[in-house]
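Each chain is listed here by its residues.
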Amino acid sequence: MYELMTQILPNNNESARSYLVRLSAENDYIEVKQLFSHYRNIKVINIASSESSIIECVCNLVDTVEDASFWPVSDEQQEHLSYLIDRHPVACPMCMRDQNYLVKDWQLMPITHCAKHQIKLINKCSCGEKFDWDSTLIEYGCSKCLSSWDDIANHCQVEIMPEHVLHFHSLGFEERASFLEDLAESIYRVLRPYDSLHNKIKLLPTMVDSWSDTAKQGYALLTDINAINTWCQSLASVRHQYKAVGERAVYFPVYELQKRLQGNWLIKGVKPNYVSFAPKNELLNESTISPCRIRNESAKKELNDELANEQLRHHLDPIGFAEMFNCGIALTRKLFKLECFKNTNSINSRRNTIIDIRLFMSSIRTCDTEVPENTVYLSELEELMSNYLLSDELLAFEIIAARLPLHIDKTKNSLIDSIKINEKVIINFLETEYLKKFGANFTKVTTAKIIGISRTLVGQLGKAGILVELDPSSDSKRYTGRSIANFLANYECIDRWGAIHNVDLYTIMLALIRNKIDPIFETSIYKKTPKFVSILNNLYHPSCQKRKQLSLQI
């Protein structure tokens, strides 16, 4: 490493780039890039390189400085928040009249004003040209029009200090990072208030036109009840179609912001619902782009800007879907493969799949036809799910995939809890379509549970050819779902029927004997003839309370 002829110490709170400009001037370099040439054998960089690269360069050129002194935030969040550090010069002209260095806090994009002089920080001269990292900037003023800092300061006006800047300067150094993170998350929601997808936060600077105005709005969204109310009421209006899948989906942008915040902000205590926040037809301003390139490219395919913006609002990835509907990521990935999730607006990247959720909501609305009184929650079908070795999420997937009629309880906070289904409909589906799925097969134990008979009887039915064994030569018997479905369609085990319909076995057998109907297998398996079905139906009294299925000896 080349040893510099002159080494200087950084000023308190000085930015790394400001220090490099001063260091190059002290060593008689006309430009900073000449100083970087001594560092080229380690890393090729320039003045616009990342903050970590610039600070690493400084520490390698000058042994007496430490990297932590140049970061405007504490160690833990330095790299994470580097996207909020402006790589171009930002200065307070009044401060620069009395000093020859730029303060590192000035480089933080959301910190838009000088706390000492109460003026807006600037990145360009009154002549309209942007500042450059050069010795003229440090020692005098603008290198383009040669205006001094005194001249430039004369064009600045004292303003009322924004609350977010006051809050930042009131915090201890260790607390500033979490505040900046929270403010950035809130700014994202100011720019895209209605989006279901909240990601790519590190690309936030690409969306911001005016940090001063946007940061004020972001801070208001954290702390001002009027700003919060306006957002929630606007969400209820703009995202009204999400009510088809529950209130949580309508106000999901609020929940998503709350989850990401670290501080104890006013908005974290808000629990939005239609009672508290009635729809208000007041559109908030939106950025025309998202921070995600592939989303923007997909939206550009729309016929006009309004349709493009609509598409951006309804983009959702698997993680976002899982969080919106409080379901597992495994279920989400299965759902994303269904046709109701595929349309021309779907985006498949190397890392992720992004869908337009409107088609899914339309599918749910179409299926939401059942009368609530005729349905039960999935949690009430534990025994049925156990028989088929289905979890509640897998059962929900089968219901959605088959587009079965259902009822959505819109007060629930998860997709699984909100689904209600007619018990007869789901039993019929499982006994027919589900069992007949291509390749479906089940162990002897599961087959016994589904049919409601003993394992011994299952084995006998297999040997008789009524149930089809997947691999007769195997010791571990498995039976095809299609043969089980055929059995349930054409045969009945009176033990199973009696247990389901709360009719004792003696009454059933007595009625069958009187009508001279004999079993076709063992003493309990009967062929489902019209006469047999009629006799059983006459024995069933719906007014009797349904009892739990009997525990069979298997």
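Please refer to the structure higher up on the page.
Now for a description of the structure that goes with this document.

Procedures and definitions
- Residues numbered from 1 in each chain as written.
- Predicted model: local features only at pLDDT ≥ 70, side-chain atom pairs only at ≥ 80, totals over all residues.
- Heavy atoms only, no water.
- Helix = DSSP H or I, 4+ residues; strand = E, 2+ residues; numbered from the N terminus.
- Rg over C-alpha atoms; globule rule 2.2 N^0.38 Å.
- Buried < 20%, exposed > 50% of the residue type's maximum accessible area, 1.4 Å probe, protein only.
- Lys, Arg positive; Asp, Glu negative; His and termini not counted.
- Charge placed at Lys NZ, Arg CZ, Asp CG, Glu CD.
- Contact = heavy atoms within 4.5 Å.
- Pairing = 2+ DSSP bridges.
- Axes fitted to C-alpha atoms, helices over the stretch in contact; angles between N-to-C directions.
- Parallel < 35°, antiparallel > 145°, perpendicular 65-115°, else oblique.
- Left-handed = near helix turned anticlockwise from the far one by under 90°.
- Nonpolar A, V, L, I, M, F, W, Y, C, P; charged D, E, K, R; others polar.
- Salt bridge = Lys/Arg side-chain N within 4 Å of Asp/Glu carboxyl O.
- Patch = residues over 30% accessible without salt bridge, like charges linked within 9 Å, V, L, I, M, F, W, Y side chains within 5 Å.
- Areas by Shrake-Rupley, 256 points an atom, 1.4 Å probe, with all protein chains shown as cover.
- Core = buried A, V, L, I, M, F, W, Y, C linked by side-chain atoms within 4.5 Å.
- Phe/Tyr/Trp six-rings, centres within 6.5 Å; stacked < 30°, edge-to-face > 60°.

A tally of regular secondary structure across the protein chain gives 27 helices and 10 strands. In terms of overall size, the protein chain is more extended than a compact globule, its C-alpha atoms giving a radius of gyration of 35 Å where 554 residues would be expected to give roughly 24 Å. Put simply, the protein chain has 554 residues, and 50% of those count as buried. Each charge class in the protein chain can be summarised by its mean position, and for the 63 positive and 68 negative side chains these summaries are 11 Å apart.

With that out of the way, let us pick up the environment of I408. With respect to the helices and strands, the residue I408 is situated in strand β5 (residues 407-408). Accessibility expressed as a relative area gives 3% for I408, which makes it buried. On a C-alpha basis, the gap between I408 and Y479 in space is 35 Å, while along the polypeptide they are 71 residues apart. Not counting chain neighbours up to four residues away, the residues in contact with I408 comprise A244, V245, I364, D368, S418 and I419.

What follows deals with the sheet that holds strand β4 (residues 376-377). With antiparallel pairing, the 3 strands of this open sheet are ordered in space as β4-β6-β5. Two strands bound the open sheet, and with one partner strand each, they are β4 and β5. In the sheet, β4 pairs with strand β6 (residues 419-421) via 2 bridges, with the strands oriented antiparallel. For Y377, the partnering residue across the bridge sits in β6 and is K420.

Across a sheet, paired strands are connected by hydrogen bonds in the backbone, their directions being either parallel or antiparallel. Read from one edge to the other, the open sheet built from 3 strands follows the order β1-β3-β2, with strand pairing classed as antiparallel. On the outer flanks of this sheet lie β1 (315-316) and β2 (347-348), each paired with one strand and no other. Summarising the sheet, β2 and strand β3 (residues 353-356) pair through 2 bridges and their orientation is antiparallel. By the bridge assignment, I347 is partnered in β3 with I354.

Another point: unusual backbone geometry. Backbone geometry places N326, a non-glycine residue, at a positive phi of 50°. Residue N502 is not a glycine yet carries a positive backbone phi of 60°. Structurally, N502 is set in the loop between α25 (494-501) and α26 (505-514). Given the relative accessible area of 27%, N502 is considered partly exposed.

Okay, the pairing of β3 next. Across 2 bridges, the pairing between β1 and β3 is antiparallel. For L316, the partnering residue across the bridge sits in β3 and is I355.

Time to look at the packing of helix α1 (residues 16-26) against helix α3 (residues 51-61). Running from N to C, α1 and α3 point in directions that differ by 40°, and their axes come no closer than 9 Å. One way to sum up the angle between α1 and α3 is to call them oblique. In this structure, α1 meets α3 at a crossing whose hand is left-handed. Listed contacts from α3 to A16, R17, Y19 and L20 of α1 are E51, I54, I55, V58 and L61. Of the residues belonging to the contact of α1 with α3, the class tally is 7 nonpolar, no polar and 2 charged.

Running from N to C, helix α22 (residues 444-451) and helix α23 (residues 455-463) cross one another at 100°; their axes reach a closest spacing of 9 Å. In this view, α22 runs roughly perpendicular relative to α23, as classed from their interaxial angle. Of the residues in α23, those touching α22 at K444, V445, T447 and A448 are R455, V458 and G459. Residue classes in the contact of α22 with α23 are distributed as 3 nonpolar, 2 polar and 2 charged.

Turning our eyes to something else, we now look at the pattern of salt bridges. Within this structure, the stated rule accounts for 25 salt bridges. One salt bridge connects R176 with D105, and the closest N-O pair in it is separated by 3.3 Å. Here the residue R176 occupies a position in helix α8 (residues 176-191), and D105 occupies one in the loop between α4 (93-96) and α5 (135-139), the gap between them amounting to 71 residues. Taken individually, R176 and D105 each receive the classification buried, so the pair is uniform in this respect. Among the salt bridges present, the one from R192 reaches D195, with a minimum N-O distance of 2.9 Å. Judged by relative accessible area, which is 0%, R192 ranks as buried. What makes D195 buried here is its relative accessible area of 0%. Overlapping salt bridges, with partners in common, bring together R192, D195, E286, R295, E310, R313, D356 and R358 in one network.

Our next topic: a negative patch on the surface. A cluster of like negative charges, contributed by E66, D67, D75, E76, E174 and E175, occupies part of the molecular surface. Note on placement: E175 falls in the loop between α7 (163-170) and α8.

This part covers helix α19 (residues 392-401). Spacing of three or four residues puts side chains on the same side of an α-helix, whose turn is 3.6 residues. All of the buried residues in α19 are L395, A396, F397, E398, I399 and I400. Contact partners of the buried residues in α19: α16 (329-335), α17 (358-367), α18 (382-387), α20 (415-418), β6 and α21 (423-434).

Of all hydrophobic cores here, the largest spans 156 residues; its most connected members are L204, F321, F325, I357, F360 and I426. Here this core gets 9 residues from one element, more than from any other, and that element is α8. With near-sequence residues (within four places) excluded, F325 lies in contact with V245, A249, I357, F360, N413, S414 and L415.

Right, let's get into the packing of aromatic side chains. By the definition in use, this model includes 14 aromatic pairs. Taking 5.6 Å as the distance between ring centres and 40° as the angle between the ring planes, the aromatic pair formed by Y19 and F70 counts as tilted. You can see Y19 sitting in helix α1 and its partner F70 sitting in the loop between α3 and α4, a full 51 residues away along the chain. Comparing Y19 with F70, the two get one shared label, buried. Aromatic side chains F321 and F336 sit 5.8 Å apart centroid to centroid with 80° between the ring planes, which places their arrangement in the edge-to-face category. Residue F321 is located in helix α15 (residues 318-324), and its partner F336 is located in the loop between α16 and β2; the two are separated by 15 residues in the primary sequence.

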